[in-house]
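Spelled out, the chains give:
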Amino acid sequence: MNNWHDLNETLRSWFGVAAPQAGQVAGADEDLARAQARLSLALPAAYACWWREQGGLLTDVWNVQDTLRAPDALRWEADAPGKLVFAHENQSVVRWAFDLADWVDVGEGLAAAPTDLPVWVEDAEDAGSWRLEAESFSDWLLQRLALAVKFADVPLWRGNGSWPPAAELVQL
């Protein structure tokens, strides 16, 4: 399972935000339950874990450049049959989705997702052609985090004295 809460100290440092404590995103379980009922499927566990741990940071961290959707904004789009679009690039040139074919039918109109689904990408210049972007949502998120750091409006490199501390330097 993902441990997004382990990133909190890093996020506090890099983005200067107060990251929520592990599992402390208010209303996360209710958000997920409403989305799952509306979509008639179980969201991937990796997405659910990320939302519980990091969903409160959409504006300050995860959506610095592009837009990663909250559970209430996940939707099937008419021009993307079988794709659950969960993010789009800031100029709407690229969008990312989970593929319904990766879910398992459990009857009664519900589908269960494996723990961590692959991520598919579509470029507007090649509309309708979806390609594998990442083997898992977790891998995709780590890529997005690196991009968010690049576009963050905070100074990431600060001078707070020498490193390593002078006491740890070894004389040869």
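Scope of this entry: the structure provided in the associated data block. These figures come from a predicted structure and were not determined experimentally. (Residues numbered from 1 in each chain as written. Predicted model: local features only at pLDDT ≥ 70, side-chain atom pairs only at ≥ 80, totals over all residues. Heavy atoms only, no water.)

Turning our eyes to something else, we now look at the overall build of the protein. Counting its regular elements, the protein contains five helices and eight strands. For the protein, the succession of helices and strands along the chain, N to C, is α-α-α-α-β-β-β-β-β-β-β-β-α. A burial count over the protein gives 41% of its 172 residues as buried. Here the contacts in the protein between residues at least 6 apart in sequence split such that 51% fall between residues at least 24 apart. Surface accessibility of the protein: about 9700 Å² in total, with carbon and sulfur atoms responsible for 52%. (Helix = DSSP H or I, 4+ residues; strand = E, 2+ residues; numbered from the N terminus. Buried < 20%, exposed > 50% of the residue type's maximum accessible area, 1.4 Å probe, protein only. Contact = heavy atoms within 4.5 Å. Areas by Shrake-Rupley, 256 points an atom, 1.4 Å probe, with all protein chains shown as cover.)

This brings us to the packing of aromatic side chains. Under the counting rule described, the total for this entry stands at twelve aromatic pairs. The interplanar angle of 50 degrees and the centroid separation of 5.6 Å between the aromatic rings of Y47 and F137 together place this pair among those described as tilted. Taken together, the positions of Y47 in helix 3 (residues 45-54) and F137 in helix 5 (residues 137-151) put the pair 90 residues apart, joining distant regions of the chain. Judged by its relative accessible area of 0%, Y47 falls in the buried class. A residue is classified by how much of its surface remains accessible, and F137, at 0% relative accessible area, is buried. Seen from their ring centres, F86 and F137 are 5.4 Å apart, and the 85 degrees between their planes marks the pair as edge-to-face. One end of the pair, F86, is in strand 3 (residues 83-88); the other, F137, is in helix 5, with 51 residues separating them in the sequence. Here the aromatic residues Y47, W50, W51, W76, F86, W96, F98, W103, F137 and W140 are joined through ring pairs into a cluster of three or more. (Phe/Tyr/Trp six-rings, centres within 6.5 Å; stacked < 30°, edge-to-face > 60°.)

Of all hydrophobic cores here, the largest spans 37 residues; its most connected members are F86, F137 and W140. Secondary-structure elements contributing two or more residues to this core are helix 1 (8-15), helix 2 (28-39), helix 3, helix 4 (58-62), strand 3, strand 4 (94-99), strand 7 (119-123) and helix 5. Among the elements that take part in this core, helix 5 stands out by supplying six residues, more than any other. (Core = buried A, V, L, I, M, F, W, Y, C linked by side-chain atoms within 4.5 Å.)

Further remarks concern the side chain of K83. Topologically, K83 is positioned in strand 3. Here D99 takes part through its side chain, which lies 2.8 Å from a polar atom of the side chain of K83. (Polar contact = N/O pair within 3.5 Å; in protein donor to acceptor, adjacent residues only side chain to side chain.)

As defined by bridge partners, strand 7 adjoins strand 8 (residues 130-134) across four bridges and the pair is classed as antiparallel. Counted as the bridge partner of V119 is A134 from strand 8. (Pairing = 2+ DSSP bridges.)

Positive phi values are uncommon outside glycine, yet S40 reaches one of about 60 degrees. Within the fold, S40 resides in the loop between helix 2 and helix 3. Of the residues examined, S40 reaches a relative accessible area of 33% and is grouped as partly exposed.

For the rest of this paragraph, the subject is the pattern of salt bridges. Enumeration over the complete set of coordinates arrives at ten salt bridges. For R95, the salt bridge is made with E77, and the minimal N-O distance between the two is 2.3 Å. With a gap of 18 residues between them, R95 in strand 4 and E77 in the loop between strand 2 (75-76) and strand 3 connect regions that are remote in the sequence. A single burial state applies to R95 and to E77, both of which are buried. The salt bridge partner of D99 is K83, with a shortest N-O separation of 2.8 Å. (Salt bridge = Lys/Arg side-chain N within 4 Å of Asp/Glu carboxyl O.)

Nothing here speaks to function; it is geometry throughout.
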